[in-house]
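Notes for the structure review
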Amino acid sequence: MALDSQAFMATMERRVSFSAADKALLKANAAWGSSIAAKMAEVFYAYLARDQEMNAILTAKEGRMHRLNETFIEWFGEMFTGMDDWGSVYAARRWRIGLVHVQIGIGPQHVVPAMATVVNEVGQQLKTAGISDEVREALGRICMIDLAFIEQAYVEVTSQAVLQETGWTEGLFKRLISTGAASMK
């Protein structure tokens, strides 16, 4: 069940229709993206800090907030540049970011609404700057891909842990999940 980050990236690009035109738009607006990255980090972490559980995770270790803020600013800028045209380096970095979310306990139930808050704020910033809606749409698509990496990290880590602890086969595990989901209706 080990994730091939590059294959996952390619699949997600197809699923969300992240196109060459989207990439060109994002690259053309990379300087603007960098100029608002710190503001977006502020919006993101202010939203998360409102939640008591999330705030405890963010402040659990000295310096964590500072490191997370720096990582967010880098991440935000990378969505515009694609690092390597949204290739294997980009995909590997997104996978690593997903694993870090799992390690420190920032779950999708926290990240997804926080990301929506950032996307909405970016929309306002784009409007104020007079930048086209197509840029917001392209950024929305790459954000969805990045979110998929975080969610997939939870799936992969959980699956691997269960398989390792139980010795079950992947097929058995998937059947149990499917059966369990059906029983929760």
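The rules behind each value
Within any chain, residue numbers begin from 1 and follow the written order of that chain's sequence. The predicted origin of the model limits local features to residues at a pLDDT of at least 70 and limits the giving and counting of side-chain atom pairs to 80 or more, whereas totals for whole chains, interfaces and linings rest on all residues. Only heavy atoms go into the side-chain values, all of them from the structure, while hydrogens and water stay out. Only DSSP runs of H or I covering at least 4 residues are called helices, and only runs of E covering at least 2 are called strands; the numbering of each starts at the N terminus. We call a residue buried when its accessible area falls under 20% of the maximum for its residue type, exposed when it is over 50%, and partly exposed in between, using a 1.4 Å probe and counting protein chains only. In what follows, a contact means two residues having at least one pair of non-hydrogen atoms within 4.5 Å. Points on a 1 Å grid, built from protein atoms alone, make a cavity when a 1.4 Å probe fits but cannot get out and make a pocket when they are open with protein on both sides within 12 Å along at least 5 of 7 lines; residues with an atom within 4 Å of a point are the lining residues. Grid points are joined across faces, edges and corners, and a volume is the space filled by probe spheres set on the points. Side-chain classes follow a simple rule in which Ala, Val, Leu, Ile, Met, Phe, Trp, Tyr, Cys and Pro form the nonpolar group, Asp, Glu, Lys and Arg form the charged group, and the remainder, Gly included, forms the polar group. Comment: axis = line fitted to C-alpha atoms, over the contacting stretch for helices; angle = value between 0 and 180 degrees taken between N-to-C directions. Comment on the angle field: the value is read as roughly parallel under 35 degrees, roughly antiparallel over 145, roughly perpendicular from 65 to 115, and oblique elsewhere. Each helix should span, by expectation, one fewer than its residue count multiplied by 1.5 Å.

1. Things to note about the environment of Y90
- Summarising the element assignment, Y90 is placed in helix α6 (residues 88-104).
- Taking the relative accessible area as the measure of exposure, Y90 reaches 0% and is therefore buried.
- In this structure the C-alpha to C-alpha distance between Y90 and T71, which are 19 residues apart in sequence, comes to 14 Å.
- The residues contacting Y90, other than those within four sequence positions of it, are M9, E78, M79, G82, M83, D84, I142 and D146.

2. Points about the layout of surface pockets
- Taken as a whole, the largest pocket encloses approximately 420 Å³ of empty space.
- In terms of lining, the largest pocket is formed by 21 residues, of which the most central are Y45, L68, T71, I97 and H101.
- A total of seven residues in the lining of the largest pocket trace back to one element, the largest contributor, which is α6.
- Class assignment for the residues of the lining of the largest pocket results in 13 nonpolar, two polar and six charged.

3. A few points about the packing of helix α1 (residues 5-16) against α6
- Two elements in contact, α1 and α6, have axes separated by 8 Å at closest approach and are oriented at 100°. The orientation of α1 with respect to α6, classified from their angle, is roughly perpendicular. Every residue of α6 that contacts α1 at S5, Q6 and M9 is listed here: S88, Y90, A91, A92 and W95.
- Class assignment for the residues of the contact of α1 with α6 results in five nonpolar, three polar and no charged.

4. Comments concerning α6
- With 17 residues, α6 extends 24 Å from end C-alpha to end C-alpha; this agrees with the ideal 24 Å at 1.5 Å per step.
- Its buried side turned inward, α6 meets α1, α5 (64-85), α7 (108-129) and α8 (133-166).
- Two residues or fewer after α6 comes G105, characterised by a positive phi angle close to 90°.

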